[in-house]
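Secondary and tertiary structure notes
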Amino acid sequence: MPAADRGSAFLALCAMAAAGCTEPAKPSAAPTSTSSGGQPVTAKPADAGPRAFAGSSQIVTWKCTGSPCPWGDSLTNHALVWPAAVGASSARLGYSVSAPVYLPGARANGAGIALETGTARVHAGPPGEPSHPVLATLTEGQTFHVTGVAAGEVLSVQADLPFTYRVTLPAPGEVDPRAAEPRIADPRGEPRAAESPAVRAPARPVPEPSGPRGPVIRSIPARWRCHKTPGCFSDPWPGSVIAWPEWSAHQDNGRTGNVLRFVYSTKGEPLYPYMGPWAHGCEVRAESGTVKVVEWKRGSEQWRDTVLHPGESHVIALVAPEDGALIEGPDDSSMFSVSLRGCTPQRLQP
(Lines give C-alpha, C1' and ligand atoms only; values in the text may rest on other atoms or scores of the structure.)
Protein backbone atom coordinates (compact mmCIF):
# COMPACT_ATOMS: atom_id res chain seq x y z
CA MET A 1 0.00 0.00 0.00
CA PRO A 2 5.04 -1.67 -0.85
CA ALA A 3 3.94 -2.89 -4.77
CA ALA A 4 4.42 -2.88 -4.92
CA ASP A 5 5.29 -4.24 -5.33
CA ARG A 6 2.17 -2.20 1.29
CA GLY A 7 0.27 -3.00 0.61
CA SER A 8 1.46 -0.97 -2.04
CA ALA A 9 2.97 1.41 -0.06
CA PHE A 10 0.23 1.35 1.90
CA LEU A 11 -0.77 -1.26 1.08
CA ALA A 12 2.25 -1.83 0.61
CA LEU A 13 4.82 -2.85 -0.41
CA CYS A 14 2.84 -3.41 -3.68
CA ALA A 15 4.37 -4.17 -2.79
CA MET A 16 6.95 -4.93 -2.81
CA ALA A 17 6.05 -5.59 -4.97
CA ALA A 18 6.05 -4.22 -7.67
CA ALA A 19 6.52 -1.88 -8.92
CA GLY A 20 7.82 -0.93 -7.29
CA CYS A 21 9.19 -2.00 -4.21
CA THR A 22 11.32 -4.77 -5.17
CA GLU A 23 11.37 -6.20 -6.12
CA PRO A 24 14.78 -10.75 -7.65
CA ALA A 25 19.47 -23.40 -10.97
CA LYS A 26 20.71 -25.11 -13.06
CA PRO A 27 18.88 -27.38 -15.55
CA SER A 28 18.06 -30.80 -14.19
CA ALA A 29 15.52 -33.57 -14.39
CA ALA A 30 12.26 -32.85 -12.58
CA PRO A 31 12.56 -33.55 -8.82
CA THR A 32 10.15 -35.86 -7.08
CA SER A 33 10.03 -34.29 -3.60
CA THR A 34 7.31 -32.10 -2.10
CA SER A 35 7.75 -29.29 0.43
CA SER A 36 5.89 -26.32 1.85
CA GLY A 37 8.47 -24.13 0.15
CA GLY A 38 7.09 -24.94 -3.28
CA GLN A 39 9.13 -27.96 -4.40
CA PRO A 40 7.66 -29.97 -7.28
CA VAL A 41 5.26 -32.74 -6.42
CA THR A 42 5.08 -34.41 -9.82
CA ALA A 43 8.10 -36.20 -11.28
CA LYS A 44 8.32 -35.81 -15.06
CA PRO A 45 11.15 -35.69 -17.56
CA ALA A 46 12.05 -32.19 -18.68
CA ASP A 47 10.38 -32.70 -22.06
CA ALA A 48 7.26 -34.49 -20.82
CA GLY A 49 5.00 -31.46 -20.48
CA PRO A 50 4.10 -29.06 -17.68
CA ARG A 51 5.50 -29.42 -14.17
CA ALA A 52 3.13 -29.09 -11.23
CA PHE A 53 4.03 -28.08 -7.68
CA ALA A 54 2.33 -26.60 -4.65
CA GLY A 55 3.38 -24.90 -1.48
CA SER A 56 3.13 -22.02 0.96
CA SER A 57 4.56 -18.55 0.61
CA GLN A 58 7.79 -17.76 2.43
CA ILE A 59 8.95 -14.56 4.12
CA VAL A 60 11.66 -13.31 1.78
CA THR A 61 14.22 -10.57 2.49
CA TRP A 62 15.70 -8.11 -0.01
CA LYS A 63 19.14 -7.06 1.30
CA CYS A 64 21.10 -4.25 -0.31
CA THR A 65 24.49 -5.59 -1.42
CA GLY A 66 25.12 -3.33 -4.41
CA SER A 67 23.52 -0.42 -6.25
CA PRO A 68 21.11 1.35 -6.76
CA CYS A 69 19.00 -0.20 -3.91
CA PRO A 70 16.01 2.16 -4.31
CA TRP A 71 14.01 0.69 -1.39
CA GLY A 72 16.45 1.17 1.50
CA ASP A 73 18.84 -1.26 3.18
CA SER A 74 16.40 -4.15 3.46
CA LEU A 75 12.75 -5.14 3.27
CA THR A 76 10.65 -8.26 3.65
CA ASN A 77 7.56 -9.66 1.98
CA HIS A 78 5.75 -12.95 1.49
CA ALA A 79 6.52 -14.46 -1.90
CA LEU A 80 6.28 -17.59 -4.00
CA VAL A 81 9.73 -19.19 -4.03
CA TRP A 82 10.39 -21.00 -7.30
CA PRO A 83 12.04 -24.45 -7.43
CA ALA A 84 15.75 -24.37 -8.20
CA ALA A 85 15.35 -26.24 -11.49
CA VAL A 86 13.33 -23.50 -13.21
CA GLY A 87 16.21 -21.00 -13.24
CA ALA A 88 14.61 -18.22 -11.18
CA SER A 89 16.71 -15.25 -10.05
CA SER A 90 17.43 -13.92 -6.57
CA ALA A 91 18.97 -10.54 -7.47
CA ARG A 92 17.50 -7.24 -8.57
CA LEU A 93 18.48 -3.55 -8.53
CA GLY A 94 21.40 -4.08 -6.16
CA TYR A 95 19.51 -6.38 -3.78
CA SER A 96 20.34 -9.96 -2.96
CA VAL A 97 17.09 -11.78 -2.26
CA SER A 98 17.06 -14.58 0.29
CA ALA A 99 15.31 -16.92 -2.17
CA PRO A 100 14.72 -17.13 -5.96
CA VAL A 101 11.48 -15.19 -6.52
CA TYR A 102 11.93 -13.87 -10.09
CA LEU A 103 10.90 -16.36 -12.79
CA PRO A 104 12.27 -15.71 -16.31
CA GLY A 105 9.63 -14.73 -18.85
CA ALA A 106 10.60 -17.67 -21.05
CA ARG A 107 9.31 -20.04 -18.36
CA ALA A 108 6.46 -17.83 -17.16
CA ASN A 109 4.32 -17.71 -20.31
CA GLY A 110 1.88 -20.60 -20.27
CA ALA A 111 2.07 -21.02 -16.49
CA GLY A 112 -1.09 -21.48 -14.46
CA ILE A 113 -1.02 -19.97 -10.96
CA ALA A 114 -3.86 -21.04 -8.64
CA LEU A 115 -4.31 -19.57 -5.17
CA GLU A 116 -5.64 -22.00 -2.57
CA THR A 117 -5.68 -19.63 0.41
CA GLY A 118 -4.94 -15.95 1.00
CA THR A 119 -4.43 -13.13 -1.47
CA ALA A 120 -1.41 -12.49 -3.72
CA ARG A 121 -0.35 -10.22 -6.56
CA VAL A 122 1.31 -11.39 -9.79
CA HIS A 123 3.92 -8.88 -11.05
CA ALA A 124 6.00 -8.82 -14.24
CA GLY A 125 8.48 -6.41 -15.75
CA PRO A 126 12.11 -5.80 -16.74
CA PRO A 127 14.61 -6.57 -13.95
CA GLY A 128 16.12 -3.08 -14.29
CA GLU A 129 12.85 -1.21 -13.70
CA PRO A 130 11.97 -0.19 -10.10
CA SER A 131 8.25 -0.86 -10.62
CA HIS A 132 6.63 -4.03 -11.98
CA PRO A 133 2.94 -3.72 -12.99
CA VAL A 134 0.37 -5.98 -11.35
CA LEU A 135 -0.91 -8.51 -13.89
CA ALA A 136 -3.50 -9.96 -11.50
CA THR A 137 -4.59 -9.88 -7.87
CA LEU A 138 -5.63 -13.40 -6.90
CA THR A 139 -7.77 -14.55 -4.00
CA GLU A 140 -8.66 -17.99 -2.74
CA GLY A 141 -9.93 -20.27 -5.50
CA GLN A 142 -8.81 -18.10 -8.43
CA THR A 143 -6.43 -19.19 -11.20
CA PHE A 144 -4.38 -16.92 -13.47
CA HIS A 145 -2.98 -18.06 -16.82
CA VAL A 146 0.20 -16.11 -17.60
CA THR A 147 0.56 -14.63 -21.07
CA GLY A 148 2.33 -11.71 -22.68
CA VAL A 149 5.48 -11.63 -20.51
CA ALA A 150 8.15 -10.27 -22.83
CA ALA A 151 11.60 -11.74 -23.36
CA GLY A 152 13.93 -10.38 -20.70
CA GLU A 153 11.13 -9.72 -18.20
CA VAL A 154 10.68 -11.59 -14.92
CA LEU A 155 7.57 -12.63 -13.01
CA SER A 156 6.99 -12.79 -9.26
CA VAL A 157 4.08 -13.56 -6.93
CA GLN A 158 4.07 -11.52 -3.72
CA ALA A 159 1.81 -10.56 -0.82
CA ASP A 160 1.82 -8.91 2.58
CA LEU A 161 0.32 -11.95 4.34
CA PRO A 162 0.78 -15.74 3.95
CA PHE A 163 -0.83 -17.58 1.04
CA THR A 164 -0.77 -21.08 -0.44
CA TYR A 165 -0.72 -21.96 -4.13
CA ARG A 166 -0.53 -24.55 -6.89
CA VAL A 167 1.47 -23.87 -10.06
CA THR A 168 1.72 -25.60 -13.42
CA LEU A 169 4.71 -24.61 -15.58
CA PRO A 170 5.32 -25.52 -19.20
CA ALA A 171 8.30 -27.77 -19.80
CA PRO A 172 11.54 -26.11 -20.97
CA GLY A 173 11.22 -25.20 -24.64
CA GLU A 174 7.49 -25.84 -24.74
CA VAL A 175 5.59 -23.04 -26.51
CA ASP A 176 2.18 -22.29 -25.09
CA PRO A 177 -0.25 -21.22 -27.87
CA ARG A 178 -1.38 -18.29 -25.72
CA ALA A 179 2.13 -17.11 -24.89
CA ALA A 180 2.16 -14.45 -27.61
CA GLU A 181 -1.14 -12.93 -26.52
CA PRO A 182 -0.60 -9.33 -25.46
CA ARG A 183 -1.51 -8.00 -22.07
CA ILE A 184 -4.73 -6.09 -22.34
CA ALA A 185 -6.44 -3.62 -20.07
CA ASP A 186 -9.94 -4.10 -18.73
CA PRO A 187 -12.42 -1.21 -19.03
CA ARG A 188 -11.24 0.12 -15.69
CA GLY A 189 -7.66 0.41 -16.93
CA GLU A 190 -6.22 -2.31 -14.70
CA PRO A 191 -3.45 -4.36 -16.36
CA ARG A 192 -4.43 -8.00 -16.78
CA ALA A 193 -3.94 -10.91 -19.14
CA ALA A 194 -6.47 -11.98 -21.72
CA GLU A 195 -7.97 -14.47 -19.26
CA SER A 196 -8.95 -12.49 -16.18
CA PRO A 197 -9.30 -14.53 -12.97
CA ALA A 198 -12.18 -12.42 -11.73
CA VAL A 199 -15.15 -10.49 -13.04
CA ARG A 200 -15.55 -7.08 -11.46
CA ALA A 201 -18.80 -5.30 -10.72
CA PRO A 202 -19.54 -2.37 -13.00
CA ALA A 203 -18.19 0.95 -11.82
CA ARG A 204 -20.62 3.62 -10.80
CA PRO A 205 -20.79 6.51 -13.28
CA VAL A 206 -17.61 8.56 -13.31
CA PRO A 207 -18.25 12.30 -13.29
CA GLU A 208 -16.39 14.24 -15.94
CA PRO A 209 -13.64 16.20 -14.13
CA SER A 210 -14.47 19.88 -14.30
CA GLY A 211 -12.47 23.08 -13.97
CA PRO A 212 -8.83 23.79 -14.77
CA ARG A 213 -6.03 21.64 -13.49
CA GLY A 214 -4.60 22.65 -10.16
CA PRO A 215 -0.97 23.55 -9.54
CA VAL A 216 1.72 20.88 -9.73
CA ILE A 217 1.96 19.05 -6.39
CA ARG A 218 5.15 17.29 -5.38
CA SER A 219 5.09 14.05 -3.40
CA ILE A 220 6.32 13.81 0.18
CA PRO A 221 8.90 11.15 1.23
CA ALA A 222 7.11 8.80 3.60
CA ARG A 223 7.45 5.77 5.85
CA TRP A 224 4.71 3.28 6.70
CA ARG A 225 5.31 2.41 10.36
CA CYS A 226 3.81 -0.18 12.69
CA HIS A 227 3.10 2.50 15.35
CA LYS A 228 3.40 0.01 18.23
CA THR A 229 1.32 -2.57 16.37
CA PRO A 230 1.45 -5.94 18.22
CA GLY A 231 3.09 -8.63 16.12
CA CYS A 232 4.86 -6.29 13.74
CA PHE A 233 7.97 -8.03 12.40
CA SER A 234 9.28 -5.91 9.51
CA ASP A 235 10.91 -2.53 9.06
CA PRO A 236 8.99 0.58 7.96
CA TRP A 237 7.98 0.60 4.32
CA PRO A 238 9.57 3.44 2.31
CA GLY A 239 7.65 5.42 -0.26
CA SER A 240 6.30 8.81 -1.25
CA VAL A 241 2.73 10.08 -1.29
CA ILE A 242 0.35 12.92 -1.96
CA ALA A 243 -1.01 13.97 1.44
CA TRP A 244 -4.36 15.60 2.26
CA PRO A 245 -5.84 17.60 5.16
CA GLU A 246 -6.25 15.55 8.33
CA TRP A 247 -10.06 15.90 8.29
CA SER A 248 -10.37 14.50 4.75
CA ALA A 249 -8.12 11.41 4.68
CA HIS A 250 -6.82 8.57 6.83
CA GLN A 251 -3.30 8.25 8.21
CA ASP A 252 -3.44 4.45 8.43
CA ASN A 253 -4.47 1.78 5.95
CA GLY A 254 -7.07 0.13 8.21
CA ARG A 255 -5.52 -3.33 7.93
CA THR A 256 -4.44 -5.68 10.74
CA GLY A 257 -1.31 -7.24 12.24
CA ASN A 258 2.03 -6.64 10.55
CA VAL A 259 0.36 -4.84 7.64
CA LEU A 260 -1.49 -2.26 9.75
CA ARG A 261 0.66 0.77 9.01
CA PHE A 262 0.54 4.49 9.82
CA VAL A 263 2.10 6.97 7.41
CA TYR A 264 4.68 9.53 8.55
CA SER A 265 7.03 11.87 6.76
CA THR A 266 10.73 11.10 7.03
CA LYS A 267 10.79 13.94 9.58
CA GLY A 268 8.28 12.10 11.78
CA GLU A 269 5.20 14.17 10.96
CA PRO A 270 1.85 12.37 10.48
CA LEU A 271 0.67 12.22 6.86
CA TYR A 272 -2.88 11.58 5.66
CA PRO A 273 -2.69 10.01 2.17
CA TYR A 274 -5.70 7.64 2.20
CA MET A 275 -8.50 9.48 0.40
CA GLY A 276 -12.15 8.79 1.20
CA PRO A 277 -15.05 8.16 -1.20
CA TRP A 278 -14.68 11.73 -2.45
CA ALA A 279 -11.75 10.45 -4.56
CA HIS A 280 -14.27 9.12 -7.12
CA GLY A 281 -13.97 11.25 -10.25
CA CYS A 282 -10.59 12.77 -9.35
CA GLU A 283 -8.34 13.07 -12.41
CA VAL A 284 -4.64 12.53 -11.75
CA ARG A 285 -2.03 13.59 -14.30
CA ALA A 286 1.63 12.59 -13.88
CA GLU A 287 3.93 15.57 -14.37
CA SER A 288 7.27 14.01 -13.34
CA GLY A 289 8.50 10.65 -12.12
CA THR A 290 6.35 7.51 -11.95
CA VAL A 291 2.98 7.68 -10.20
CA LYS A 292 0.80 4.86 -8.91
CA VAL A 293 -2.90 5.40 -8.31
CA VAL A 294 -4.43 2.78 -6.00
CA GLU A 295 -8.20 2.22 -5.83
CA TRP A 296 -9.44 -0.06 -3.03
CA LYS A 297 -11.78 -0.92 -0.18
CA ARG A 298 -10.22 0.45 2.99
CA GLY A 299 -8.63 -2.28 5.11
CA SER A 300 -8.94 -4.99 2.45
CA GLU A 301 -6.25 -7.22 0.97
CA GLN A 302 -7.12 -6.41 -2.65
CA TRP A 303 -6.68 -3.26 -4.67
CA ARG A 304 -6.16 -1.98 -8.22
CA ASP A 305 -3.00 -0.23 -9.39
CA THR A 306 -2.73 2.18 -12.30
CA VAL A 307 0.83 3.29 -13.10
CA LEU A 308 1.28 6.65 -14.82
CA HIS A 309 4.30 8.14 -16.56
CA PRO A 310 4.75 11.86 -17.31
CA GLY A 311 1.93 13.16 -19.48
CA GLU A 312 -0.43 10.25 -18.70
CA SER A 313 -3.71 10.71 -16.81
CA HIS A 314 -6.14 8.52 -14.90
CA VAL A 315 -9.61 9.28 -13.54
CA ILE A 316 -10.27 7.50 -10.24
CA ALA A 317 -13.42 5.37 -10.62
CA LEU A 318 -14.29 3.41 -7.50
CA VAL A 319 -15.96 0.04 -8.06
CA ALA A 320 -18.18 -1.28 -5.25
CA PRO A 321 -17.17 -2.04 -2.53
CA GLU A 322 -14.17 0.27 -3.05
CA ASP A 323 -14.36 3.42 -0.95
CA GLY A 324 -10.98 5.13 -1.20
CA ALA A 325 -7.78 5.78 -3.11
CA LEU A 326 -4.10 6.57 -2.66
CA ILE A 327 -1.63 8.43 -4.89
CA GLU A 328 1.91 7.18 -4.25
CA GLY A 329 5.26 6.33 -5.77
CA PRO A 330 5.76 2.85 -7.25
CA ASP A 331 6.59 0.94 -4.06
CA ASP A 332 9.83 2.74 -3.31
CA SER A 333 11.14 6.14 -2.26
CA SER A 334 11.21 7.73 -5.72
CA MET A 335 9.68 11.19 -5.91
CA PHE A 336 7.02 12.34 -8.37
CA SER A 337 4.70 15.24 -9.05
CA VAL A 338 1.09 15.43 -10.24
CA SER A 339 -1.55 17.93 -11.23
CA LEU A 340 -5.14 17.25 -10.21
CA ARG A 341 -8.60 18.11 -11.43
CA GLY A 342 -11.94 17.40 -9.79
CA CYS A 343 -10.22 16.42 -6.52
CA THR A 344 -12.09 18.32 -3.79
CA PRO A 345 -11.35 16.96 -0.31
CA GLN A 346 -14.45 16.32 1.80
CA ARG A 347 -14.74 15.65 5.52
CA LEU A 348 -14.62 11.95 6.38
CA GLN A 349 -17.81 10.53 7.80
CA PRO A 350 -17.44 8.92 11.25
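Everything here concerns the structure above.
Residues numbered from 1 in each chain as written. Predicted model: local features only at pLDDT ≥ 70, side-chain atom pairs only at ≥ 80, totals over all residues. Heavy atoms only, no water.

The next thing to look at is the packing of aromatic side chains. We describe a pair of aromatic rings using the distance from one ring centre to the other and the angle between the two ring planes. A full pass over the atoms with the stated rule returns five aromatic pairs. Each ring, one from Y274 and one from W296, has its centre 5.9 Å from the other, and the planes form 45°; the classification is tilted. A residue pair is termed long-range when its members are at least 10 positions apart, and Y274 in strand β20 (residues 274–275) and W296 in strand β22 (residues 291–296) qualify at 22 residues. On the basis of relative accessible area, Y274 is assigned to the buried category, the value being 1%. An aromatic cluster is present here, built from Y274, W296 and W303 joined pairwise through their rings. Positioned above the aromatic ring of W237, the side-chain terminus of R261 is 4.2 Å from the ring centre. (Phe/Tyr/Trp six-rings, centres within 6.5 Å; stacked < 30°, edge-to-face > 60°. Helix = DSSP H or I, 4+ residues; strand = E, 2+ residues; numbered from the N terminus. Buried < 20%, exposed > 50% of the residue type's maximum accessible area, 1.4 Å probe, protein only. Lys NZ or Arg CZ within 6 Å of the ring centre and 35° of its normal.)

What follows covers the nonpolar core. Of all hydrophobic cores here, the largest spans 26 residues; its most connected members are W82, L155 and V157. Residues I242, V293, L318 and I327 belong to the second largest nonpolar core, which totals 21 residues. (Core = buried A, V, L, I, M, F, W, Y, C linked by side-chain atoms within 4.5 Å.)

A sheet is described by the order of its strands in space; here four strands give the open sequence β1-β12-β7-β10, paired in antiparallel fashion. Only two strands of the sheet have a single partner each, and these edge strands are β1 (51–56) and β10 (143–145). Averaged over neighbouring strand pairs, the angle between their axes works out to 15° when direction is ignored. Inspection of the sheet shows strand β7 (residues 112–117) paired to β10 by three bridges, in the antiparallel sense. Residue pairing in the sheet places G112 in a bridge with H145 of β10. (Pairing = 2+ DSSP bridges. Axes fitted to C-alpha atoms, helices over the stretch in contact; angles between N-to-C directions.)

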